[in-house]
Amino acid sequence: MEERARSCLLRSKATLEQDIKASYLMDHMVSDGVLTNEEESRVREQAAALLEVLLRKDNRAYISFYNALIRESYGDLANLLHSDLPLLSPEGERSFGILSEGGVPQRPVVFVSRPALLNLIREKLYRLQNTPGWVTVFGMAGSGKSVMAAEAVRDRALIKECFPGGVHWLSVGQCERADLLVRMQSLCFRLEQGQSSEASQRPPCSVEEAKERLRFLVLRRFPRSLLILDDVWDSSTLRSFDIQCRVLLTTRNRGLADSVSGDFEVPVESGLDEEKALEILALYVNGKPHKLPEQARSIVSECKGSPLVVSLIGALLREFPDRWSYYLRQLQKKQFKRIRKSSSYDYEALDQAMDASLQVLEPEHQDLYRDLSIMQKDVKVPAKVLSVLWDLELEEVEDVLQEFVNKSLLFRDCNQRPYHYYLHDLQLDFLIEQNRDQIAELHKKLVRQYQKFYNERPPSPGDIDCSYWYRFLPYHMAKAGLSKELYSLMFSLDWVKEKAQFMGSAHLINDYVEYGEILDKEVRLQFQEFLSLNGHHLEQRPFPDIVQLALSQPACSEVYRQALMQAQKRASRGRLYLDWVNKNNQDSLSLLVMHPHQGSVYYAGFSKDGSKIASCGANKALRVFKTTSGEKLLELQAHDEDILCCSFSPDDRYIATCSSDRKVKVSFGEEHEEQINHCQFTNTGRRVLLATCSNDKFTNTKNTMFGHMEPVNHCCFSPNDAYLATSSSDGTVKLFEVSSANEWKSIDVNSYFPESDDEIKAIVKCSTWSADGSRIICAARNAVFVFDVKTSDMLLEMKTSRLSTVQYCHACPNSSLLAVALSHYTVELWNFETSKKKAECNGHLSWVHCVQFSPDGSLLLSSSDDQTIRVKVAFEQSCCFCLKVLEVPSGKTSQTLTGHTRTVHHCQFTDDGETLVTSSEDTTVRVWKWRTGEYLVLEGHKEPVRKFHLLNNSTSSHMFSWSFDGTVKVWDLNRGQMLQDLECHKGAVLSCDVSSDRHLFATTSADRTAKVWSNASWEMTFLLKGHKDCVRSCRFSWDNKRLATGDDNGEIRLWSMLDGALLKICSRDTKDSMDSFHGGWVTDLQFSPDNRVLVSTGGYIKWWSVETGEALQTFYTMGANLKKIHVSADFTTFVTVDSIGILYVLKKVEGGSL
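All values reported here derive from a predicted model rather than from experimental measurement.

Cut-offs and rules
- Residues numbered from 1 in each chain as written.
- Predicted model: local features only at pLDDT ≥ 70, side-chain atom pairs only at ≥ 80, totals over all residues.
- Heavy atoms only, no water.
- Helix = DSSP H or I, 4+ residues; strand = E, 2+ residues; numbered from the N terminus.
- Rg over C-alpha atoms; globule rule 2.2 N^0.38 Å.
- Buried < 20%, exposed > 50% of the residue type's maximum accessible area, 1.4 Å probe, protein only.
- Contact = heavy atoms within 4.5 Å.
- Areas by Shrake-Rupley, 256 points an atom, 1.4 Å probe, with all protein chains shown as cover.
- Lys, Arg positive; Asp, Glu negative; His and termini not counted.
- Charge placed at Lys NZ, Arg CZ, Asp CG, Glu CD.
- Patch = residues over 30% accessible without salt bridge, like charges linked within 9 Å, V, L, I, M, F, W, Y side chains within 5 Å.
- Salt bridge = Lys/Arg side-chain N within 4 Å of Asp/Glu carboxyl O.
- Phe/Tyr/Trp six-rings, centres within 6.5 Å; stacked < 30°, edge-to-face > 60°.
- Lys NZ or Arg CZ within 6 Å of the ring centre and 35° of its normal.
- Axes fitted to C-alpha atoms, helices over the stretch in contact; angles between N-to-C directions.
- Parallel < 35°, antiparallel > 145°, perpendicular 65-115°, else oblique.
- Left-handed = near helix turned anticlockwise from the far one by under 90°.
- Core = buried A, V, L, I, M, F, W, Y, C linked by side-chain atoms within 4.5 Å.
- Expected span 1.5 Å × (residues − 1).
- UniProt positions renumbered as here; feature names shortened; annotations may be inferred.
- Pairing = 2+ DSSP bridges.
- Disulfide = S-S within 2.5 Å.
- Polar contact = N/O pair within 3.5 Å; in protein donor to acceptor, adjacent residues only side chain to side chain.
- pLDDT = per-residue confidence, 0-100.

Caption draft 1: Examining the overall build of the chain more closely. Broken down by element type, the chain carries 31 helices and 62 strands. Relative to a compact globule of 1154 residues, whose C-alpha radius of gyration would be 32 Å, the chain shows 35 Å and is just as compact. Burial analysis of the chain (1154 residues in total) assigns 60% to the buried set. A separation of at least 24 residues holds for 54% of the contacts in the chain among residues at least 6 apart in sequence. Accessible surface, the chain: about 46,800 Å² in total, of which carbon and sulfur atoms supply 47%. A gap of 1 Å separates the mean positions of the 135 positive and 152 negative side-chain charges of the chain.

See below:
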């Protein structure tokens, strides 16, 4: 210890010895690892002895003692030590805070060690030194499992040798899936402190995503760390933490140990033995066990060894040491036996002890403690919430809570600042039973106090109680029976915005489901639909404009009504909003929505003839429906645990199912050693085989196929049944010959992720074959890869949102469409020949587990955690080499023009309407007299001609055309002659524009440059460099002072046409989930007539301020790859079509100014 710190202790020794209670301070110091158990037992209650021990220790002990003084409200004494606080080395800081940083609870107010049990837990933990695994500590409620688990890791040698990566504590409890997600998000947030990546700032939006992120964090940032899961109730929760790490688990359910591998078990006896219980009582009354009065043993007997009950009685005796006989009589009354019928536990002694503890509280404090009846199990509440509830100053509240803690009526989490407080489950049971008739009023009291306190504004992230209100305010309203208040809250677009921004959309969706019976069904479904369509947008940062998103809802929706009112109000202050005026004319993409299961739907598939759909999921049942109507044909309770997959046989006579219970069932039973992830029959009936794959790392058909080093997640037969593809967590796809069961090829998918290492493999979720069997397509992380089967070469890669993961993919049996199921609630359709996204299908409210095309490719099936199956129309765009001229508005075909030999990309009428000009991939431009079908062919380009620009005036009719061959050609349309042939770029010319005064024209290219040319001299005026990707679009402003250019990275640049200087870069710092500034390529740009606003198309539509370069508004379309936007002369109406053929007519909301 530094000399000045030691001197400070010596100077303050007399004052400290007089005022401190050593046992309270030592609990914190043992937690910090600066005091050993032996030193603690030697010091006992003697303050002088504690200081003597401290003087022989290092700087860490001084700092721990100082912190303990603050935590125990000895602020005046801590001030004596503050000025001489020593500095720690980085190594010292690391070991000093490892338990508190990890959230390991402090010792209870009075602690008695149980050496035999403690040593047994530590012995099992040492088994995890060199390998991941599970240690399960199990015993009945109140037996001290959590206290012993926390105490077991207060061992510096154990931490140093086995868990140098840290110890991370998570209280789980009995929770629904949404609550589990909150807990996992909290753990992710704690582990990500200090990370700078954008993804780490966004909470995971599903349990599966949280599991994957925890797996990455533990393996990458915290190798050889220990995860402690406290009070786990069921196996499904446990599987969410099966992330190949070291886990200490406490549970009341001994059977949970069977659901994990590599498990070591430690049973905890149901109660303390008599000597340990007497020791606790002795510590409370500051005496020796053998000197306690004779009633002490009878009290221990009545407590049945429960540490919690003994502590409650001990806390009473500390204040009233002469009441041994009185409290014994209280315990013997058993007056509470009748009230615990609805409780999970039958602890009569606890009831008596709780009642006795409450009787010694002041009447006012008894009322305050009664208010805690509305707390939820396993939820730690910040003191600020209780300050709002009780309408007291925060300091007053903390004093009251400290009294409850001292009497063992409440527990305090010192690892969170400010402190959080919670009740033991058994104490909460007692309170609920005692105050059952007043529970609704107590909840109502909290809601009214919240409304009073946050009358002017909702809680903000800066408020320490913010998280609690966003999580639990709807719960309290529902419990209070405040239906109108709940309606007003849940059906408020402002609440949706605030909660989604703070916690993500998953919690909102769960609220609508959980309180569905209370809320108006029609309006509830409207808000659910809004969240299902836009949930993935709400996960993005910066947070999108929720009012603009809501304007795309149907006009009859309450969501739209509120959005329109807010948009009109904001537009009057100059904000820009767009209303999709023709949205009610768009048909839903979903033909059928079914709710077949109570719980997640893990898999759904078509029968071979496409007439039936089989589904399975978390409710352990198999169900079969008609494809056309959704009528249920069959229901079987097929397994004892979750059913993960089902498959029709080739003749549709049998259905196979596989489950977490390790069984495969058809009309026979088959068993693996671990969970079975997938099963599939062969495609043809020539030789009927069933393939299954499992966490036991091999695949089963008729023979067992070995080769993978980690669990096998998926298997599928090639179209001709010659090969079986398997996808594994070891980062590979393997192809096996079905006839011999021998491995044929292995593809290392993990190698295509440069950031991966040997420890953290890219998990390959699934694979699918192309229709002709020549390509194998597999999904890993947020990417889909297409490989050539013969050569194993990677042909192309499709990257989805970096904020999501691909859960499943399936190739259409008769086209190049690929369906991709994503964790952010959407299904995407891609063309795996061109690597282009064709559509984004929304509608699910949660994680999408599976997608499958019907055998004829006409329908697409998706299944989700939201308990639904959706059947959609699958579509593919076809290329056409002919043109049709249609009458308006009848839509009748006036003329069909043929002549082009490849895809026609662009067409435009001349001003007189008699001539039609077209360009094509066949390298030609054609000029048609469309009424007669006559045409001129303009030849000269050597590569596809994507577009052209007409320059019509009264004296001449000229045209610019540009091509992938790097040239721009100028044509006389009347004579069909080429006037100029300009070699503009080394790469393909992707766009061209002519200034309104016709003095300049601009070209952009795949060579990442833009050039400005003189129309008079045909010489280059400016070379514009700076884009980092292909420059795909350009547009002159109407005053010809600026040129806007957009590239394939989604970046837009504004250039001065006076000197060629760069003026602005739009959206430079905020990439979206597709790693682009614009959801993809910037394909079109248009200036407003006053040159103040720029509109652009890409993956969606954006409006920009020309002056600042900042985004004014964003409109998200259902399809992707927007090609062009048409703008009205007054810049108030915008028209575009997306990649799936949906038409958007957008009208500026009145009141705004551009």
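Caption draft 2: Spatial organisation of a negative patch on the surface. A surface patch of negative charge is lined by Glu362, Glu364, Asp367, Glu393, Glu395, Glu396 and Asp399. Per-element accounting of the negative patch gives the leading share, three residues, to helix H22 (residues 394-406). Here Glu362 shows up in the loop between helix H19 (348-359) and helix H20 (363-370). Given the relative accessible area of 46%, Glu362 is considered partly exposed.

Caption draft 3: Focus on the packing of aromatic side chains. Counting across every chain of the model gives 32 aromatic pairs. In textbook terms, an aromatic cluster arises when at least three aromatic residues are bridged by ring pairs, as seen for Tyr450, Phe453, Tyr454, Tyr468, Trp469 and Phe472. Across from the ring centre of Tyr422, 5.2 Å away, lies the NZ or CZ of Lys380, which sits over that ring. Over the aromatic face of Trp1104 sits the side chain of Lys1102, whose NZ or CZ is 5.3 Å from the ring centroid.

Caption draft 4: Representation of the packing of helix H16 (residues 295-303) against helix H18 (residues 324-333). Packing of H16 against H18 brings their axes to within 10 Å, and their N-to-C directions diverge by 25 degrees. Relative to H18, the element H16 is oriented roughly parallel. Between H16 and H18 lies a crossing whose hand is left-handed. Of the residues in H18, those touching H16 at Gln295, Ala296, Ser298, Ile299, Glu302 and Cys303 are Trp324, Ser325, Leu328, Leu331 and Gln332.

Caption draft 5: Representation of the nonpolar core in the model. With 141 residues, the main nonpolar core has Leu229, Leu281, Tyr369, Leu372, Trp390 and Phe404 as its most contacted residues. Broken down by element, this core gets its largest block of residues, nine residues, from helix H25 (residues 466-480). Residues in contact with Leu281, not counting those within four places in the same chain, are Leu292, Ala296, Ile299, Val300, Val310, Ile313, Gly314, Leu317 and Trp324. Ranked by size, the runner-up nonpolar core spans 63 residues in total, among them Ala638, Ile643, Ala811 and Leu1122.

Caption draft 6: Geometry of the pattern of salt bridges. Throughout the structure, instances matching the rule amount to 48 salt bridges. For the salt bridge of Asp642 with Arg239, the shortest nitrogen-to-oxygen distance reads 3.4 Å. Residue Asp642 is found in the loop between strand S14 (632-637) and strand S15 (643-648), and its partner Arg239 is found in helix H14 (residues 235-239); the two are separated by 403 residues along the sequence. Since its relative accessible area comes to 10%, Asp642 is described here as buried. Residue Arg239 is classed as buried on the basis of its relative accessible area, which comes to 18%. For the salt bridge of Arg775 with Asp772, the shortest nitrogen-to-oxygen distance reads 3.9 Å.

Caption draft 7: Layout of helix H12 (residues 177-191). Here H12 is 15 residues long and its end C-alpha atoms lie 21 Å apart, about the 21 Å a rise of 1.5 Å per residue gives. Of the positions making up H12, those classed as buried are Ala178, Leu180, Leu181, Val182, Arg183, Met184, Gln185, Leu187, Cys188 and Leu191.

Caption draft 8: Highlighting the UniProt feature "repeat: WD" (unreviewed entry) in the chain. Following the UniProt record, the feature "repeat: WD" (unreviewed entry) maps to residues 636-666, 705-746, 841-871, 897-938, 938-981, 982-1014 and 1024-1065 here. Structurally, residues 705-746 comprises 0% helix and 55% strand, and the distance from its first C-alpha atom to its last is 13 Å. Between the C-alpha atoms that bound residues 897-938 there is a distance of 16 Å. The span itself is 0% helix and 55% strand.

Caption draft 9: Fine view of the sheet that holds strand S50 (residues 1010-1014). Taken in spatial order, the four strands line up as S48-S49-S50-S51 in an open sheet, and their pairing is antiparallel. This sheet does not close on itself; its edge strands, each paired only once, are strand S48 (989-994) and strand S51 (1020-1024). The sheet shows a mean angle of 15 degrees between the axes of neighbouring strands, direction not considered. Here four bridges tie S50 to S51, and the two strands are oriented antiparallel to one another. Each bridged residue has a counterpart across the sheet, and for Val1012 the counterpart in S51 is Phe1022.

Caption draft 10: Region of interest: the environment of Glu943. Along the chain, Glu943 turns up in the loop between strand S43 (934-938) and strand S44 (945-952). A relative accessible area of 35% means that Glu943 is categorised as partly exposed. Each C-alpha atom of the pair Glu943 and Thr967 lies 9.6 Å from the other, and the pair is 24 residues apart in sequence. Setting aside its immediate chain neighbours within four residues, Glu943 contacts Thr923, Ser963, Phe964 and Asp965.

Caption draft 11: Molecular detail of unusual backbone geometry. With phi around 65 degrees, Asp378 is a residue other than glycine that occupies positive phi space. Note that Asp378 resides in the loop between H20 and strand S6 (381-382). Of note, Asp391 is a non-glycine position whose phi angle comes to about 55 degrees, a positive value. Residue placement: Asp391 occurs in the loop between helix H21 (383-390) and H22.

Caption draft 12: Layout of the pairing of strand S49 (residues 1000-1005). Of all six residues making up S49, six are buried, and the element is well covered by its neighbours. Connecting S48 to the antiparallel partner S49 that follows it, the hairpin turn spans five residues, and Arg998 within it adopts a positive phi of roughly 65 degrees. As paired elements, S49 and S50 share five bridges and run antiparallel to each other. In the sheet register, Thr1004 faces S50, and the bridge partner there is Ala1010.

Caption draft 13: Up close: the state of the cysteines. For the coordinates displayed, the defined rule picks out zero disulfides. Summary of cysteine pairing: Cys245 is not part of a disulfide, and the nearest cysteine sulfur, belonging to Cys188, is at 12 Å.

Caption draft 14: Main features of the side chain of Thr250. In this structure, Thr250 sits in strand S4 (residues 246-251). For Thr250, the side chain forms a polar contact with the side chain of Asp230, separated by 2.6 Å. When sequence neighbours within four positions are dropped, the list of residues in contact with Thr250 reads Val137, Lys145, Ser146, Ala149, Leu229, Asp230, Asp231 and Val232.

Caption draft 15: Local environment of the confidence of the model for the chain. In the predicted model, the chain carries a mean pLDDT of 84, and 91% of its residues have values of at least 70. Every residue in residues 89-93 scores below 50 in pLDDT, and together they form two contacts with partners more than four places removed in sequence or on other chains. Across residues 336-346, where pLDDT falls below 50, the model places 26 contacts with residues more than four positions away in sequence or in other chains.

Caption draft 16: Representation of the sheet that holds strand S60 (residues 1126-1127) within the structure. Reading across the sheet, the four strands line up as S9-S62-S61-S60 and stay open at both edges, with antiparallel pairing between neighbours. The sheet is open, and its two borders are formed by strand S9 (578-580) and S60, each paired with just one other strand. Alignment of strand S61 (residues 1133-1137) against strand S62 (residues 1143-1148), held across five bridges, turns out to be antiparallel. For Phe1134, the partnering residue across the bridge sits in S62 and is Leu1146.

Caption draft 17: Looking closely at the environment of Leu181. Relative to the helices and strands, Leu181 is located in helix H12. Assessed through its relative accessible area of 4%, Leu181 is described here as buried. Residue contacts for Leu181: discarding those within four places in its chain leaves Pro204, Cys205, Ser206, Val207, Ala210, Ala506 and His507.

Caption draft 18: View of a nonpolar patch on the surface. On the surface, a cluster of nonpolar side chains totalling about 230 Å² of accessible area is made up of Leu633, Leu634 and Leu636. Mapping Leu634 onto the fold places it in strand S14.

Caption draft 19: How the structure looks around the side chain of Asn750. Mapped onto the fold, Asn750 is located in the loop between strand S26 (743-748) and strand S27 (764-769). Judged by its relative accessible area of 8%, Asn750 falls in the buried class. There is a polar contact of 2.7 Å between the side chain of Asn750 and the backbone nitrogen of Ala762.

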